[in-house]
Amino acid sequence: MSQESIVPGGLGEPVLEPVEVPEPGAVTIVVPTFNESANVRQLLHRITESVPARVPCEVVFVDDSTDDTPEVVRAAAQDCPFPVTVLHRDEPTGGLGGAVVEGIKAATSDWVVVMDGDCQHPPSLVPELIAAGERAGAELVVASRYIKGGSRAGLAGSYRVAVSRGATWLTKSLFPRRLHGISDPMSGFFAIRRTTVTAEELRPLGYKILLELAVRSSPRTVTEVPFVFQERYAGESKSTAREGLRFLRHLAGLRTEAPLARMIVFGLIGLTGFVPNLAALWALTEAGLHYLPAEIIANQFGVAWNFLLIDLLLFRTRRRHRHWADRTVRFALLANADLVLRLPLIALLVGQFQLAVLPATALALVITFVLRFVGTEALVYLPRRSRRASRTARSTS
């Protein structure tokens, strides 16, 4: 990742009026960009007009572009009366959310304001976000389209409006406590105290970084400021079906952080495995295969289906610990061991504990399900212990 700071020039030092926050460099404005060369000059012009005379600031662009956006920023920054930094990432890890995290790491101010690079977020609201946070003693200030005085007018078309409202409803339904007091969790325009954020704990995926910060950083006090979402100045929206899928994966990852939630999702995914299992069983028996070998083969279709969903949705952030082939083999062995263990367990519950067949079967299913979940977490997705760590543990004991 390359970094370049641009020394202010051209306009000279601004005349500062009394400010809401007394410290110099009171706010760092973080702008994640991807191919926004047609917008960044106008954005810096709007920031220059509305921010530094009221609140001292610096601007950090974190850029994942494949066009000339970094060069345009550097040229435009020469006329800005505040420091402008460009961080260009060769690998856009985490998407725009990951870019924001890098910007927060580079920030030097107490407050960090995150805004888009397409001019849909009005820079004139930046001082009010900081002032609202100071007045309320808040750690997070959200610019909301959904409180009195706010508007989503800049959303292009009824389809995007419906998607935005649907995503807001889904997100607030999944995180009612963490998002209490946040009417617009999909907002990309907000201010957060830098001390609230532990960047190393964040694992963003896609462009909805506010959701990641609100859930993982758990700011104690939140306030909101209304804002009117404006039309894009130039270019096309980066909201695509692919980004929508990344958002859903991000939601699933956040919601399944707790072990109980993971176990519930693990079970729900397991239930969906009946569909490919039964479909394969039907196809194999229709082709003339005896039902016993057909059962064994069909079960592998269900196992493969479950593994794909669990690997993609439930343990996405842990996949790096083992090679995909290693994960596949371990998961398949555990799944088939479930079948091998279940029958003698049912026999034990019926013969030794005098349970009826149906309760014994139900209890065996619960026991093997819990064992399979624990085994999957421990043997498939937990990181390996290095040999050095093992030797250290033995020597200290």
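Given the structure is predicted, the values throughout are model-derived calculations rather than measurements.

Colleague: Can you walk me through the UniProt feature "transmembrane region" (unreviewed entry) in the chain in this structure?
Modeller: Taking the UniProt record as the reference, the feature "transmembrane region" (unreviewed entry) is found at residues 264-284, 296-316, 328-350 and 356-382. Regarding residues 328-350, the helix share stands at 100% and the strand share at 0%, and the terminal C-alpha atoms are separated by 34 Å.

Colleague: Looking at this model, I keep getting lost on the packing of aromatic side chains. Mind explaining?
Modeller: Describing an aromatic ring pair means giving the distance of the ring centres and the angle of the ring planes. Under the definition given, this model contains 6 aromatic pairs. Measuring from ring centre to ring centre gives 5.8 Å for F266 and F369, while their planes differ by 45°; the resulting arrangement is tilted. With F266 in helix α8 (residues 259-272) and F369 in helix α12 (residues 357-381), the pair connects residues that are 103 residues apart, well separated along the chain. Of the residues examined, F266 reaches a relative accessible area of 4% and is grouped as buried. Taking relative accessible area as the criterion, F369 reaches 25% and is therefore assigned partly exposed. Each ring, one from F266 and one from F373, has its centre 5.4 Å from the other, and the planes form 70°; the classification is edge-to-face. Residue F266 is found in helix α8, and its partner F373 is found in helix α12; the two are separated by 107 residues along the sequence. Accessibility classification places F266 together with F373 in one group, the buried group. Here the aromatic cluster, defined as three or more aromatic residues joined through ring pairs, consists of F189, F227 and F229. One Lys or Arg, R145, reaches over the ring of F229 and ends 5.4 Å from the middle of that ring.

Colleague: I would appreciate a short explanation of the side chain of Q120 in the present structure.
Modeller: With respect to the secondary-structure elements, Q120 resides in the loop between β5 (111-114) and α4 (126-136). Of the residues examined, Q120 reaches a relative accessible area of 6% and is grouped as buried. Of note is the side chain of Q120, whose polar atom sits 3.0 Å from the backbone oxygen of Q230. Excluding anything up to four places from it in sequence, Q120 contacts G154, F227, V228, F229, Q230, E231 and R232.

Colleague: I would appreciate a short explanation of helix α2 (residues 69-77) in the present structure.
Modeller: For an α-helix the count is 3.6 residues per turn, leaving residues at separations of three or four pointing the same way. Among all positions in α2, only T69, P70, V72, V73, A76 and A77 are buried. The arc enclosing the buried residues of α2, seen along the axis, measures out at 160°, which places them on a common side.

Colleague: Which parts of the structure should I look at to understand the pairing of strand β4 (residues 84-88)?
Modeller: Within a regular beta strand, the side chains point alternately toward one face of the sheet and then the other, so they alternate between its two faces. The buried fraction of β4 is high, at 5 of 5 residues. With burial as the criterion, each face of β4 is covered, one bearing V84, V86 and H88 and the other bearing T85 and L87. Relative to β4, strand β3 (residues 57-63) is paired through 5 bridges, and the arrangement is parallel. Note on β4: the bridge partner recorded for F61 is V86. As a crossover connection, the stretch from β3 through α2 into β4 is right-handed.

Colleague: How should I be thinking about the environment of F34 in this particular structure?
Modeller: Relative to the helices and strands, F34 is located in the loop between β2 (27-33) and α1 (40-50). F34 sits in the partly exposed class, given a relative accessible area of 34%. Considering only alpha carbons, one finds F34 and D64, 30 residues apart in sequence, at a separation of 5.1 Å.

Colleague: Any chance you could explain α1 here in plain terms?
Modeller: Of the residues making up α1, those classed as buried are V40, L43, L44, I47, T48 and S50. Looking at the packing, one finds that the buried side of α1 touches β2, β3, α2, β4 and α4.

Colleague: Just to check I follow, could you spell out a nonpolar patch on the surface for this structure?
Modeller: On the surface, L260, I264, L268, L271, F274 and L278 cluster together to form a nonpolar patch covering roughly 650 Å² of accessible area. For the nonpolar patch, the elements supplying multiple residues, two or more each, are α8 and α9 (274-286). If you tally residues by element for the nonpolar patch, the top one is α8, at 4 residues. For L278, the location among the structural elements is in helix α9.

Conventions and cut-offs
Residues numbered from 1 in each chain as written. Predicted model: local features only at pLDDT ≥ 70, side-chain atom pairs only at ≥ 80, totals over all residues. Heavy atoms only, no water. UniProt positions renumbered as here; feature names shortened; annotations may be inferred. Helix = DSSP H or I, 4+ residues; strand = E, 2+ residues; numbered from the N terminus. Phe/Tyr/Trp six-rings, centres within 6.5 Å; stacked < 30°, edge-to-face > 60°. Buried < 20%, exposed > 50% of the residue type's maximum accessible area, 1.4 Å probe, protein only. Lys NZ or Arg CZ within 6 Å of the ring centre and 35° of its normal. Polar contact = N/O pair within 3.5 Å; in protein donor to acceptor, adjacent residues only side chain to side chain. Contact = heavy atoms within 4.5 Å. Arc of directions from axis to C-beta. Pairing = 2+ DSSP bridges. Right-handed = clockwise from strand over helix to strand, strands pointing away. Patch = residues over 30% accessible without salt bridge, like charges linked within 9 Å, V, L, I, M, F, W, Y side chains within 5 Å. Areas by Shrake-Rupley, 256 points an atom, 1.4 Å probe, with all protein chains shown as cover. Salt bridge = Lys/Arg side-chain N within 4 Å of Asp/Glu carboxyl O.

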